[in-house]
Amino acid sequence: MCTRVFNNGQRDYLATARNMDWMYPLPTSFFAFDKGLSKTGLAESDGCMDEALKWCSAYSSIVAMVGDERSGWAASDGLNSMGLVANVLYDSGASYGQASFRAHKKQLSVLRWVQYVLDNFVFVKEVVKAFSKQDILLVGAAVPNSDGKPAQLHLSVSDVTGNSAIIEVVDGEFVCYESSAYQIMTNEPSFDKQLKINDYWAWQWSAENSNPSHTIPGGAFSTDRFERATFYLHHMDEPTNIDDALAQARTVAANASVPLGYNFTVSDSPNISNTLWSTYASHSEPAYYFSNARTLNVVWFDLANADFEAPVQKLDLITVSKSGAVENHHFDGKINALMTAAIDPYLNLERHSDVSLEVIC
């Protein structure tokens, strides 16, 4: 499930697109966070708060979060004010380690992984260096509003230099793949195996092949989407402006999407799901876009000119009621003025009697 595309062919015009594929609708909101906010790596329900990673956000950010006040929140992907993009995608091979691994490691909920990265880093190299130290332990959690489905995730990051990294978690250890050539990310198998599979297809359409074949897999499996997105991205003219770069990333991601209503399943690969929505990030502006598969509108948040009259702001894009009724909100265009002051979803409100409290560090 899910596909991430980093269009970095022209370093002056960088864009990252991401499809969110899931088996049923997810409540989704945009959150805008000012810099200078205290954050904690765990919710009260995650474990011992004394072992939680703590930080102060160095950069502002705009984040797509799934969940709601009832089910809790998970940061899916986002963009910070320095042009760093972070996305988490489903990874069936992710394993976060056992309690015995916790000595001398600060703990970070996998649902807060994206926020930690956006709050603390500017460049991909910094992210890779930080997680290569192996002094942080990711703590597993359930995807909000998903009947306890575990959030088995891996992380992609892309920055204003055109650099990219994929970070997987195996038995509690971070495995990092860093290169500007790593433009596409899907799901299983592990990224190193995806690259090996992709080598076959890359040779088929390369100049090394005396009779190049320009065919690609058309299916919905993870490897199909990986190869299809790679094919189109590598057969694309360089963009001449940021609008071109965003349009290219968007249409490549669309070509790797799973249509609504597609119901093919096989018992040994149950993780094919419909594309619910997509996000697109312009690294240099920076600005962040959202396209709901069930509406015709695209909305965006202009992070470069955000006022942050309130340190945390929110706009609900998809809501799911207690009865399961889904509402897809039909906003259109720039949404900065529609964002309203909100309670920080990372505050552990169990410890505060004043729920309007905003912690500034």
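1. A word on the packing of aromatic side chains
Applying the stated rule across the entire model yields 20 aromatic pairs. With a centroid separation of 4.9 Å and an interplanar angle of 75 degrees, the aromatic rings of Trp-55 and Tyr-116 are classed as edge-to-face. With a gap of 61 residues between them, Trp-55 in strand β5 (residues 54–56) and Tyr-116 in helix α1 (residues 113–120) connect regions that are remote in the sequence. Judged by its relative accessible area of 10%, Tyr-116 falls in the buried class. The interplanar angle of 80 degrees and the centroid separation of 5.2 Å between the aromatic rings of Tyr-200 and Trp-201 together place this pair among those described as edge-to-face. A network of ring pairs unites the aromatic residues Trp-55, Trp-113, Tyr-116, Phe-121, Phe-131 and Phe-174 as a single cluster.

2. Examining the packing of helix α3 (residues 191–204) against helix α4 (residues 222–234)
Direction vectors running N to C along α3 and α4 enclose 55 degrees, while the axes themselves pass 10 Å from each other. It follows from the interaxial angle that α3 and α4 lie oblique. Where α3 crosses over α4, the two elements pack in a sense that is right-handed. Within the contact between the two elements, α3 uses Phe-191, Gln-194, Leu-195, Ile-197, Asn-198 and Trp-201 and α4 uses Ser-222, Thr-223, Phe-226, Glu-227 and Thr-230.

3. Focus on a nonpolar patch on the surface
Side chains of Phe-221, Tyr-262 and Phe-264 sit close together on the surface and give an oily, nonpolar patch of about 250 Å² of accessible area. Mapped onto the secondary structure, Tyr-262 falls in the loop between α5 (242–255) and β15 (274–282). Of the residues examined, Tyr-262 reaches a relative accessible area of 35% and is grouped as partly exposed.

4. As for the side chain of Asn-163
With respect to the helices and strands, the residue Asn-163 is situated in the loop between β11 (153–158) and β12 (164–170). We classify Asn-163 as buried; its relative accessible area is 11%.

5. Points about the pattern of salt bridges
Going through the model one piece at a time under the given rule, you end up with eight salt bridges. The network of salt bridges with common partners includes Glu-69, Lys-314 and Asp-316.

6. As for the nonpolar core
Phe-30, Trp-113 and Val-117 are the most contacted members of the largest nonpolar core, which has 95 residues in total. When residues in this core are grouped by element, the largest group, six residues, is from α5. With residues near it in sequence (within four places) discarded, Val-117 still touches Leu-84, Ala-86, Val-127, Phe-131, Leu-155 and Val-157.

7. Thoughts on the environment of Cys-361
With respect to the helices and strands, the residue Cys-361 is situated in the segment after β21 (340–341). Exposure remark for Cys-361: the relative accessible area of 47% places this residue in the partly exposed category. With residues near it in sequence (within four places) discarded, Cys-361 still touches Gly-36, Leu-37, Ser-38, Cys-56 and Ser-57.

8. Looking at the side chain of Ser-273
Counting through the fold element by element, Ser-273 comes out in the loop between α5 and β15. Only 3.4 Å separates the side chain of Ser-273 from the backbone nitrogen of Met-23, close enough to count as a polar contact. Setting aside anything within four residues of it in sequence, one finds Ser-273 in contact with Met-1, Asp-21, Trp-22, Met-23 and Val-258.

9. Some details on the pairing of strand β10 (residues 136–139)
Residues Ile-136 and Leu-138 point to one face of β10 and Leu-137 and Val-139 to the other, with burial holding for every one of them. In the sheet, strand β9 (residues 106–109) pairs with β10 via four bridges, with the strands oriented parallel. Paired with Lys-106 across the bridge in β10 is Ile-136.

The rules behind each value
- Residues numbered from 1 in each chain as written.
- Predicted model: local features only at pLDDT ≥ 70, side-chain atom pairs only at ≥ 80, totals over all residues.
- Heavy atoms only, no water.
- Phe/Tyr/Trp six-rings, centres within 6.5 Å; stacked < 30°, edge-to-face > 60°.
- Helix = DSSP H or I, 4+ residues; strand = E, 2+ residues; numbered from the N terminus.
- Buried < 20%, exposed > 50% of the residue type's maximum accessible area, 1.4 Å probe, protein only.
- Axes fitted to C-alpha atoms, helices over the stretch in contact; angles between N-to-C directions.
- Parallel < 35°, antiparallel > 145°, perpendicular 65-115°, else oblique.
- Left-handed = near helix turned anticlockwise from the far one by under 90°.
- Contact = heavy atoms within 4.5 Å.
- Patch = residues over 30% accessible without salt bridge, like charges linked within 9 Å, V, L, I, M, F, W, Y side chains within 5 Å.
- Areas by Shrake-Rupley, 256 points an atom, 1.4 Å probe, with all protein chains shown as cover.
- Salt bridge = Lys/Arg side-chain N within 4 Å of Asp/Glu carboxyl O.
- Core = buried A, V, L, I, M, F, W, Y, C linked by side-chain atoms within 4.5 Å.
- Polar contact = N/O pair within 3.5 Å; in protein donor to acceptor, adjacent residues only side chain to side chain.
- Pairing = 2+ DSSP bridges.

Taken by themselves, the reported measurements are silent on function.
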